[in-house]
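What the coordinates show
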Amino acid sequence: MQRIFSGIQPTGVPTLGNYLGALRNWVALQDGHDCIYCVVDLHAITEWQDPAGLTRQTREMAAVLLACGIDPHQHIVFLQSSVRAHAQLAWIFNCVARIGWLNRMTQFKDKAGKNRENASAGLYVYPNLMAADILAYHATRVPVGDDQRQHLELANDIAQKFNHDYGVEFFPNIEPLILGPAARVMSLRDGTKKMSKSDPSDQSRINLNDDPDTIALKIRRAKTDPEPLPFEPAGLEARPEARNLVGIYAALANTDQAGVLREHGGKGFGAFKDALAALIIDSLRPIAAETNRLLADPAHVDAVLRDGAERAAAIADPIVAETERLVGFIRVG
Ligand code: AQP
C-alpha cells in the first residue's frame, strides 16, 4: 500500500478552503492507503503565534481532523513537534536545498510581502521542513491544495539531489494529489486571492465552526458581479468570484461546474447564494457538532495524539537514522 502524508498548520480555525482542498480528500484517501496526517505546529511558528492561541488552535485542529472522519486507529494523526525526526531531517535538507530554489517559492513571496527583510528565516526554509515531513516517512503521495504544488516540486528536487550527492536511491519520488473541483477555493472578498485561515478579514472565509447565520451572512455578502450565472462553464471566464462560488457548490454537491450551471444557469446571485449557503450549512453542521463534542474531552484528544506520535516516530526514526548514517554522522549514543 502506498503511504500518504499530509499536514495542516494550526494557524487558525480551518476554512472551507482547507476542507475542500485538503481535509475532505484526506478522509477519502484512507480507503486503500496508509495515511499519516499531521498538525504542523513547527510550520505555524514561521509566523508569530501567540503561545496560548497556538496551544488552543493546535488542539482544535486535531479535533477537526477527527471530526471530519480521519480514523486515528487505522491511520496516524499526530503533532509535528512531538516527533523530533521532522526537525532533524529538515536541518539536513537545509544543507541540500539551494538558495536559488527557495528564492523562486511564490508562497514565501506572498507571505513575506514587502517586508521580506523582516520575515523569519523559518518562513524562508519552510519548504525544506515540508520535504522532511514527507520524506521522513518515505511517503509517496501527498494530497494538497493547488497552492502547494510548487513546494512538492521542490521536495522532489531535494530528494533527487540528496540521492545524487550521496550516490543512493534512498528517498522516493513524491506524487502530489490535487483533487476535486475546489482544489483552490478563493477569498469571498476577492476572487483572485486564495481563502486563508489567517486572512485578517473574517468575511473573506467560511470557518468550519461558523454558525449557520454567520455562514448565510458571509455568503450573502460575498463579492459577485451584476450578471446572472452563465449556462456553460466558459461563461465563468474572467468572472473569478462567480467561478469560485460555482466551484464551491460543485465540490459540496459532488458534481462539476457544468452540473451546477445546468441547474442554476440564468439565475441571479440572490437565489444562487441562498442555495449555496444552505448547502454549506448542511455540509458543515455535523463537523462542527463532532468537533465541539471532542473538545469537551481534551484528554481524549491528547491521548489520540500521543499514540499517533509514538507510531509516527517508530516509522520516521529509523529513516532519519539511516539518512544520518549516509551523510556520515557517527552515532555514539
Ligand atoms: N483556499 C484553499 N483552497 C484549497 N486548498 C487550500 N489549502 C489551504 N487553503 C486552501 C490546503 O489546505 C492544506 C493545509 O494548508 P496549511 O494550513 O498547511 O497552509 P496554507 O496552505 O497556507 O493554508 P491557509 O489556510 O492559507 O493557512 P495560513 O493562513 O496559515 O497560511 C494544504 O493542503 C493547502 O493546500
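Quick notes on the rules
The residue numbers shown here count from 1 along each chain, following its written sequence. This being a predicted model, a pLDDT of at least 70 is required before a residue's local features are given, and a value of 80 or more before pairs of side-chain atoms are given or counted; all residues contribute to the totals for chains, interfaces and linings. As a rule here, side-chain values come from all non-hydrogen atoms in the structure, and water together with hydrogens is ignored. Each helix is a run of DSSP H or I of at least 4 residues and each strand a run of E of at least 2, with the numbering of both proceeding from the N terminus. We compute the radius of gyration over the C-alpha atoms and compare it with the globule rule, which gives 2.2 Å times the number of residues raised to the power 0.38. Residues count as neighbours in contact if any of their non-hydrogen atoms are within 4.5 Å of one another. Domain segmentation is taken from an automatic or database assignment of domains. By buried area we mean how much accessible surface two parts lose on assembly, using a 1.4 Å probe and totalling the loss over both. By definition, a salt bridge exists where a carboxyl oxygen of Asp or Glu is found within 4 Å of a side-chain nitrogen of Lys or Arg. Under this definition, polar contacts are N or O atom pairs within 3.5 Å; protein pairs additionally need one hydrogen-donor-capable and one acceptor-capable atom, and for neighbouring residues in sequence, both atoms have to be side-chain atoms. When we say a residue is near a molecule or strand, we mean one of its heavy atoms is within 4 Å of it. In short, Shrake-Rupley with a 1.4 Å probe defines the accessible areas, and a residue's cover is counted only from the protein chains shown. For a helix, the expected span equals 1.5 Å multiplied by the number of residues minus one. Here the bend at a residue is taken as the angle between two axes, fitted respectively to the seven residues that end there and the seven that start there. Each residue is assigned to one of three classes by its accessible area relative to the maximum for its type, calculated with a 1.4 Å probe on protein chains only: buried under 20%, partly exposed between the two thresholds, exposed over 50%. Only Phe, Tyr and Trp rings are paired, with Trp represented by its six-membered ring, and only when their centres lie within 6.5 Å; those with planes under 30 degrees apart are stacked, over 60 edge-to-face, the remainder tilted. The criterion for strand pairing is that DSSP finds at least two bridges linking the strands in question. Here an angle of 0 to 180 degrees is reported between the N-to-C directions of two axes, which are lines fitted to C-alpha atoms, with helices fitted over the stretch in contact. Working definition: roughly parallel below 35 degrees, roughly antiparallel above 145 degrees, roughly perpendicular at 65 to 115 degrees, and oblique for all remaining angles. Each residue is assigned to one of three groups, with Ala, Val, Leu, Ile, Met, Phe, Trp, Tyr, Cys and Pro labelled nonpolar, Asp, Glu, Lys and Arg labelled charged, and all others, Gly among them, labelled polar.

1. Some details on the overall build of the chain
Across its full length, the chain holds 14 helices and five strands. In terms of C-alpha radius of gyration, the chain reaches 21 Å, essentially the compact-globule figure of 20 Å for 333 residues. Based on the C-alpha atoms only, the size of the chain along its principal axes is roughly 70 × 45 × 40 Å. Sequence-distant contacts in the chain: of pairs separated by 6 or more residues, those separated by 24 or more amount to 77%.

2. Section: the domain arrangement of the chain
Its domain assignment divides the chain into domain 1 (3-177 + 298-327) and domain 2 (202-292). Computed from C-alpha atoms alone, the centre-to-centre distance between domain 1 and domain 2 is 30 Å. Taken residue by residue, the interface counts twelve residues in domain 1 and 14 residues in domain 2. On the domain 1 side of the interface with domain 2, the three residues burying the most area are Val13, Leu16 and Ala67, jointly 43% of the side's total. The tally of links from domain 1 across to domain 2 stands at zero salt bridges. Across the domain 1-domain 2 interface, the total number found is three residue pairs in polar contact (both at pLDDT 80 or more). Those elements that place two or more of their residues in the side of domain 1 that touches domain 2 are α1 (16-29) and α3 (51-68).

3. Focus: the site of the ligand
Around the ligand, the surrounding shell holds 21 residues, and the nearest of these are Lys111, Asp147, Ser196, Lys197 and Ser198. Separating an oxygen atom of the ligand from a side-chain N or O atom of threonine 11 is a distance of 2.6 Å. Between glycine 145 and the ligand, the recorded distance is 2.7 Å, taken from a backbone N or O atom to an oxygen atom. Protein contact buries 98% of the 640 Å² of open area that the ligand shows by itself. Secondary structure elements with two or more residues in the shell around the ligand: β1 (3-8) and α1. With four residues, the single largest contributor to the shell around the ligand is α1.

4. Considerations on helix α13 (residues 269-295)
Because the α-helix completes a turn every 3.6 residues, residues three or four places apart line up on one side. Here α13 is 27 residues long and its end C-alpha atoms lie 37 Å apart, about the 39 Å a rise of 1.5 Å per residue gives. Along α13, the sharpest kink reaches roughly 35°, centred on leucine 284 and followed within four residues by the proline proline 286. The set of residues buried in α13 consists of Phe269, Phe272, Lys273, Leu276, Ala277, Ile280, Ile281, Leu284, Ile287, Ala288, Thr291 and Leu294. Among the structural elements, α1, α3, α10 (212-221), α11 (240-252), α12 (257-264) and α14 (298-327) are those in contact with the buried residues of α13.

5. Things to note about the packing of aromatic side chains
Summed over all chains, the structure comprises nine aromatic pairs. Judged by centre distance (5.1 Å) and plane angle (75°), the rings of phenylalanine 108 and tyrosine 124 are edge-to-face. One end of the pair, phenylalanine 108, is in helix α6 (residues 106-112); the other, tyrosine 124, is in helix α7 (residues 121-124), with 16 residues separating them in the sequence. The exposure classification of phenylalanine 108 matches that of tyrosine 124, with both residues buried. Ring centres of phenylalanine 170 and phenylalanine 171 lie 4.9 Å apart, and the angle between their planes is 65°; on these two criteria the pair is classed as edge-to-face. A single burial state applies to phenylalanine 170 and to phenylalanine 171, both of which are buried. Three or more aromatic residues joined by ring pairs form one cluster here, namely Phe93, Phe162, Tyr166, Phe170 and Phe171.

6. Side note on the pairing of strand β3 (residues 76-79)
The alternating pattern of β3 places Ile76 and Phe78 on one face and Val77 and Leu79 on the opposite face, and all of these are buried. In the sheet, strand β2 (residues 34-39) pairs with β3 via four bridges, with the strands oriented parallel. Following the sheet pairing, isoleucine 36 is matched in β3 by isoleucine 76.

7. Some details on the pattern of salt bridges
Evaluation of the coordinates by the stated rule reveals 18 salt bridges. Between aspartate 210 and lysine 218 there is a salt bridge, with its nearest N and O atoms 2.7 Å apart. Both residues of the pair, aspartate 210 and lysine 218, belong to the buried class. One network of salt bridges, with partners in common, ties together Asp202, Arg205, Asp210 and Lys218.

8. Regarding the side chain of threonine 15
Tracing the chain through its elements places threonine 15 in the loop between β1 and α1. When its relative accessible area of 1% is taken as the criterion, threonine 15 is described as buried. A polar atom in the side chain of threonine 15 sits 3.0 Å from the backbone nitrogen of glycine 17. Not counting the four nearest positions on each side in its chain, threonine 15 is found in contact with Met195, Ser196, Lys197, Arg205, Ile206, Asn207 and Leu208.

9. Section: the packing of α11 against α12
Relative placement of two packed helices is described by the angle separating their axes and the distance separating the axes. Between α11 and α12, the shortest axis-to-axis distance is 8 Å and the interhelical angle comes to 100°. Our classification of the angle between α11 and α12 gives roughly perpendicular. Of α12, the residues touching α11 (which contributes Arg243, Val246, Tyr249 and Ala250) are Gln257, Val260, Leu261, Glu263 and His264. Residue composition of the contact of α11 with α12, by class: five nonpolar, two polar and two charged.

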